[in-house]
Amino acid sequence: MSTRPVVVLAEELSPATVEALGPDFEIRQSDGTDRPRLFSDIADADALMVRSATQVDAEVLSHAPRLKVVARAGVGLDNVDISAATEAGVMVVNAPTSNIVSAAELTCAHILGLARNISPAHQALQRGEWKRSKYTGVELSEKTLGVIGLGRIGGLVAERMAAFGMEILAYDPYVTAARAHQLGAQLVTLEELYQKADVVTIHMPKTPETIGMLGAEAFSAMKSSAYVVNVARGGLIDEDALEKALEAGEIAGAAVDVFATEPTVDLPFFARENVVVTPHLGASTHEAQEKAGVSVARSVRLALDGELVPDAVNVAGGAIDELVRPGIPLIEKLGRVLTALAEDALTDVETEAAGEIAELNVSALQLAALKGIFTDVVNDPVSYVNAPVLAEQRGISTRLTTTSEVEDYRNALTIRAATSSGTNLSVRGTLTGPKQIEKIVGINGYDLEIALTEHLIVFEYDDRPGVVASLGKILGEHQINIAGMQVSQNTKAGRALAVLAIDSALPAGVLETISTEVDAALAAEVDLEEK
């Protein structure tokens, strides 16, 4: 048994990664694809570092009783069973910002390649064909770039392509006009972006709402001379609709780096001259790989030193008081609820801890609140360290307040926010009973108490008879079971707010149907499934 903490490298990592770990650990090289060897090597390991080839599942974790942290030297975590790690008490970290420059540069490369027909011209020369006139391109100067998703990567793309003299239009419902202006972009509606853009590049997170976002309707609204680029997430483009749009000449071409199913080599549009495809190369640069390794090495050091780990994706880690720790997942979910309720970009966020915990260090609660707020709205992975950066980039002012005064509950956590349209929002929650059940106990000034489940819908409406019956009727017609429900009244204003816990996500269009039926002033669906 080693006297120093053991760090197992299951794949080849850069010398800079090992150097970042420092001399305080026993470094052990293994082979993550050789499971028996891996099982033997991690028997006394404190940390396991992997790339993408090693599958870290419950079986692997069961062979490592001392394991405290699994570190993925990259952005994705598809090869790590986060639920199994959490159940085993193992922290999971990754390197969420390691590839942003690489992904942005690949996007720009694809835009340039499409404009000048670089790939088909190159292939023609390889075939012995000299066809200058056939591959005449277009200048990007004075053309319009439409950026869907103005997060870190989308923002970098906007800044870089502006240097080519392009006008930048952007669509991002969670970015303020002031932040867009800083990046040289003008916020517009999706419809206007489609109509005016000569190049459309998408940088959105992959959610039920964004899957197939660039589909038949979007392509038909674009210029016939427009190009489409996706270096973000597979599935954001409806691949069947893309093939049909190219066949019909609705758009001029496309560049795609990510696909709904990977690996893939035989999609119909692969054979088209006006399409450039690459095998998910967004993070495939030496610099991105090295940044990823060094980043997770630092996280491993923090984890094994018992400190707060900024890039932990399943637990906050660090020296957090036991009374504060249960509130971290609660307030993160409250942040996601707040985001679902917001119809405009946020400009101000206040996180409040009330009750006994107010006397403790509750700074991790603010990080968790911001992480929840951005989890469902930005393309980049969100962690405790980059959530404040995301807020700063978007011009959102943030503050943490505490008070020992609280009514009805031992402790209560509240997130208050203001939006660019002047709307004020608030979500309040608490933990109740011996099992510390997570509950929402207030929304926008309405008092209620309902468990935080994976699927919730929220409606505010004029208080009148028949509304609850209408809700039940519509949900019943769509085979959606109501697991719980709370209705809170504002008798002075003649308003009411209903929160329903349902067993599954709503089919498309049902939320709009209910909103119209009850004439809702607020209608929101909240999906709290783990990302």
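Residues numbered from 1 in each chain as written. Predicted model: local features only at pLDDT ≥ 70, side-chain atom pairs only at ≥ 80, totals over all residues. Heavy atoms only, no water.

### A look at the pattern of salt bridges
And then number 1: Taken as a whole and assessed by the stated rule, the structure comprises 29 salt bridges.
And then number 2: Between arginine 28 and glutamate 26 there is a salt bridge, with its nearest N and O atoms 2.9 Å apart.
And then number 3: When salt bridges that share partners are traced, they join Arg127, Glu129, Lys131, Lys134 and Glu273 into one network. (Salt bridge = Lys/Arg side-chain N within 4 Å of Asp/Glu carboxyl O.)

### Some remarks on the sheet that holds strand β13 (residues 346-355)
And then number 1: Spatial strand order, β14-β13-β15-β16-β17-β18: six strands in an open sheet with mixed pairing. Looking at the sheet topology across the chains shown, the edges are occupied by β14 (397-403) and β18 (446-451). Geometrically, the sheet is characterised by an average inter-axis angle of 20 degrees between neighbouring strands, direction not taken into account.
And then number 2: Lying on the sheet, helix α13 (residues 327-341) is in contact with β13, β15 (411-419), β16 (424-432) and β17 (437-443); it crosses β16 at an angle near 150 degrees.
And then number 3: Across the sheet, helix α14 (residues 363-375) is in contact with β13, β14 and β15; its angle to β13 comes to roughly 140 degrees. (Pairing = 2+ DSSP bridges. Helix = DSSP H or I, 4+ residues; strand = E, 2+ residues; numbered from the N terminus. Axes fitted to C-alpha atoms, helices over the stretch in contact; angles between N-to-C directions. Contact = heavy atoms within 4.5 Å.)

### Let's talk about the environment of asparagine 379
And then number 1: By secondary structure assignment, the location of asparagine 379 is in the loop between α14 and α15 (386-393).
And then number 2: Relative accessible area serves as the criterion here: at 10%, asparagine 379 is assigned to the buried category.
And then number 3: Look past the residues within four positions of asparagine 379 in its chain and what remains in contact with it is Ile153, His203, Met204, Pro205, Ala232 and Arg233. (Buried < 20%, exposed > 50% of the residue type's maximum accessible area, 1.4 Å probe, protein only.)

### Some words on α14
And then number 1: The terminal C-alpha atoms of α14, which comprises 13 residues, lie 19 Å apart, in line with the 18 Å expected from a rise of 1.5 Å per residue.
And then number 2: Counting buried positions along α14 gives 12 out of 13 residues, so the element sits mostly inside the fold.
And then number 3: Those residues of α14 lying buried are Ala364, Leu365, Gln366, Leu367, Ala368, Ala369, Leu370, Lys371, Gly372, Ile373, Phe374 and Thr375. (Expected span 1.5 Å × (residues − 1).)

### A word on the sheet that holds strand β9 (residues 199-202)
And then number 1: Spatially, β8-β7-β6-β9-β10-β11-β12 is the arrangement adopted by the seven strands of the open sheet, whose pairing is parallel. Two strands bound the open sheet, and with one partner strand each, they are β8 (185-187) and β12 (275-277). Here the average twist between neighbouring strands, direction ignored, is 20 degrees.
And then number 2: Here three bridges tie strand β7 (residues 167-171) to β8, and the two strands are oriented parallel to one another. The residue of β8 that forms the bridge with leucine 169 is glutamine 186.
And then number 3: This element, helix α5 (residues 100-115), spans β6 (144-148), β9, β10 (227-230), β11 (253-256) and β12 of the sheet and lies at about 155 degrees to β10.
And then number 4: Strands β6, β7 and β9 of the sheet are contacted by helix α7 (residues 152-162), whose axis makes an angle of about 170 degrees with β6.

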